[in-house]
Amino acid sequence: MTLFSDVAPIQFEGPGTDNEYAYRVYDKNREVLGKRMEDWLRCAVCYWHSFNWPGQDIFGAGTLPRPWLGATITQEMANTKLEAAFDFFSRLGAPYFTFHDVDAMATANTVKEHDRNLKTIGELMQKKMAATGTKLLWGTANLFSHPRYAGGGATSPDPEVFAWAAAQVRACLELTHRLGGQNYVLWGGREGYDSLLNTDLKRELDHYGRFLSMVVEHKHRIGFKGSILIEPKPFEPTKHQYDRDVAAVYAFLQRYGLTKEVQVNIEVNHATLAGLEFDHEVTAALTYGIFGSIDINRGDDRNGWDTDQFPNNAQSLVSAFVALIEAGGFTHGGFNFDAKLRRQSVDPADLYLAHIGGIDTLARALLAGADVVNRRKLTQLKKTRYQGWDGELGQRIEQGKIDLAALADLAGASNLQPAPRSGHQELAESLIARECKY
Ligand code: XLS
Ligand code: NI
Ligand code: NI
């Protein structure tokens, strides 16, 4: 028995059900464009918000019952937490989970103790995974909570902190590999600055590049076949985070020669904090060839921070789904619920209700996205819009067969008078809206 044993395993019951502890739309075996729903979505529950956060905020203490938490986590507390987490994963029926090293292990004060405690919980985790069938979407090291990381991990002004970060990442990458993890994530929580007045930007970027190269080198040395993913975020907790959005990460990867080695884990609420739409970030990553995985959540339109709420608006996700479906879906990635309860949601059952609602939202967006793709109207609209480029002039330009002067001469000689043509944006928007019927 754990805190989460009162709820029976969640089943698909269809849209007509009155049972709140059931999926209305998420039917894992339903075929969508030739693939099972579960394989399109690859849903994961995150350890940190769900089991390692008691509901504290900067104004008040924890509110959620999480009896295994305290200022110092003993091995016994970590074990109880592990029991509860895997009980929850299997009752919910999510195929994957994600974790930070320190979310799962007993508190450690030295590098050696850290390695030992992580190894101990890792062995138990491996057993739980085998017993329940829950798989690991990704692991990551927390390089932002401990006071030593106040100035960053890889971008700390102190090389000893950089070394600590290396120790944590090595241990967690190796554990992720042993557990068959699909990816390894680096979120640069404090890899940025609070003030440029005391920051050597070039040095910090070079250190970050060096760190990432070391991680990639080690990944190959141990034979880890998963992807290394950077998770962009513009700020919070730092004033400016170096991997602020997909474009900034791409520029960074290019500068340090890592575009073939590292992809991105895109989070909805981070995109909106950066002043970008989620579909922009997904499309940019797919375009640059660095798309990896997704942290699914949502922000609050009127709050300027990472509120990490559970997604509940399928329509807002459909255009990103269209891009994802057209790309063939995830390879190593999945939808990780990087989302947390509100502080008043104190019933253990609230964690189920939150995830059920979120997973059904993804299922709705998937079905709507598949319909949009199937009808081909949006594809056709886009194709028609660019069709001039398939003609002779367009092809000569695209293939580099004409230079600036020759093109300018041609424009004058042919007296080009291109007529304005509709972009049909409202129609495109309607093509999305009308499929949101699930
Ligand atoms: C915080 C990030 C974090 C990462 C994992 O904003 O989303 O939760 O996903 O370190
Ligand atoms: Ni995240
Ligand atoms: Ni976040």
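Just so we're clear, the structure is a prediction, and the values are computed from it rather than from any experiment.

Rules of the game
- Residues numbered from 1 in each chain as written.
- Chains lettered and ligands numbered in written order.
- Predicted model: local features only at pLDDT ≥ 70, side-chain atom pairs only at ≥ 80, totals over all residues.
- Heavy atoms only, no water.
- Donors = N, O, S within 2.8 Å, 3.2 Å for Na, K, Ca; no water.
- Buried < 20%, exposed > 50% of the residue type's maximum accessible area, 1.4 Å probe, protein only.
- Helix = DSSP H or I, 4+ residues; strand = E, 2+ residues; numbered from the N terminus.
- Pairing = 2+ DSSP bridges.
- Core = buried A, V, L, I, M, F, W, Y, C linked by side-chain atoms within 4.5 Å.
- Contact = heavy atoms within 4.5 Å.
- Axes fitted to C-alpha atoms, helices over the stretch in contact; angles between N-to-C directions.
- Near = heavy atom within 4 Å.
- Polar contact = N/O pair within 3.5 Å; in protein donor to acceptor, adjacent residues only side chain to side chain.
- Areas by Shrake-Rupley, 256 points an atom, 1.4 Å probe, with all protein chains shown as cover.
- Disulfide = S-S within 2.5 Å.

K.L.:
Explanation requested: the coordination of the nickel ion (ligand 3) in the structure shown.
P.N.:
The textbook angles at a metal center are 109.5 degrees for a tetrahedron of four donors and 90 or 180 degrees for an octahedron of six. Within the protein, Glu 267 (OE), His 270 (NE2) and Asp 306 (OD) serve as the donor atoms for the nickel ion (ligand 3), at 2.1 to 2.4 Å. Mapped onto the sequence, the donors of the nickel ion (ligand 3) take the spacing E-x2-H-x35-D. In this structure, the nickel ion (ligand 3) is positioned 3.8 Å from the nickel ion (ligand 2), and both are ligated by Glu 267. In this pair, the class of Glu 267 matches that of His 270, namely buried.

K.L.:
Would you explain the pairing of strand β12 (residues 262-267) in this entry?
P.N.:
The side chains of a regular strand alternate, first on one face of the sheet and then on the other. Burial within β12 is extensive, with 6 of its 6 residues counted as buried. Here strand β10 (residues 227-231) pairs with β12 via 3 bridges, running parallel. Counterpart to Leu 229 in the pairing with β12 is Gln 263. Here 4 bridges tie β12 to strand β13 (residues 291-296), and the two strands are oriented parallel to one another. When the bridges of β13 are listed, Glu 267 appears paired with Asp 295.

K.L.:
Whenever I open this one, the nonpolar core confuses me. Can you help?
P.N.:
When a protein is soluble and globular, its nonpolar side chains tend to lie buried together. Within the largest apolar cluster, 117 residues are counted, with the highest numbers of intra-cluster contacts made by Leu 41, Tyr 47, Phe 51 and Leu 92. Ranked by the residues each element gives to this core, the list is headed by helix α12 (residues 348-375), at 14 residues. In contact with Leu 92, not counting residues within four places along its chain, are Ile 10, Tyr 23, Val 45, Tyr 352, His 355, Ile 356 and Ile 359. Listed in part, the 8 residues of the second largest apolar core include Ala 44, Trp 48, Tyr 96 and Val 185.

K.L.:
Before we go on, may I ask you to explain the sheet that holds strand β5 (residues 43-46) in this structure?
P.N.:
Either a parallel or an antiparallel arrangement is found when strands of a sheet pair, and the pairing is made through backbone hydrogen bonds. Taken in spatial order, the 8 strands of this closed barrel run β5-β6-β7-β8-β10-β12-β13-β14, and their pairing is parallel. Taken over all neighbouring pairs, the strand axes of this sheet differ in orientation by 30° on average, direction set aside. Where β5 lies against strand β6 (residues 96-100), 3 bridges are found, and the strand directions are parallel. Counted as the bridge partner of Cys 46 is Thr 98 from β6. Strand contacts of α12: β5, β13 and β14 (335-337), with the helix running at about 155° to β14, the strand carrying the most contacts.

K.L.:
Sorry, what's going on with the site of ligand 1 here?
P.N.:
The immediate surroundings of ligand 1 are formed by Trp 48, His 100, Trp 138, Trp 187, Glu 231, Lys 233, Glu 267, His 270, Asp 295, Asp 306 and Asp 338. Within the side chain of His 100, an N or O atom sits 2.7 Å from an oxygen atom of ligand 1. The separation between an oxygen atom of ligand 1 and a polar side-chain atom of His 270 is 3.0 Å. For ligand 1, whose free accessible area comes to 290 Å², the fraction covered by protein is 93%.

K.L.:
Is there a simple way to explain the state of the cysteines in this structure?
P.N.:
What is meant by a disulfide is a covalent connection between two cysteines, made through their sulfur atoms. A full pass over the atoms with the stated rule returns 0 disulfides. The closest cysteine sulfur to the non-disulfide-bonded Cys 172 is located on Cys 46, 14 Å from its own sulfur. Its sulfur unpaired, Cys 436 is 18 Å from the next cysteine sulfur, which belongs to Cys 43. For Cys 436, a relative accessible area of 29% translates into the label partly exposed.

The values are spatial; any link to function lies outside them.
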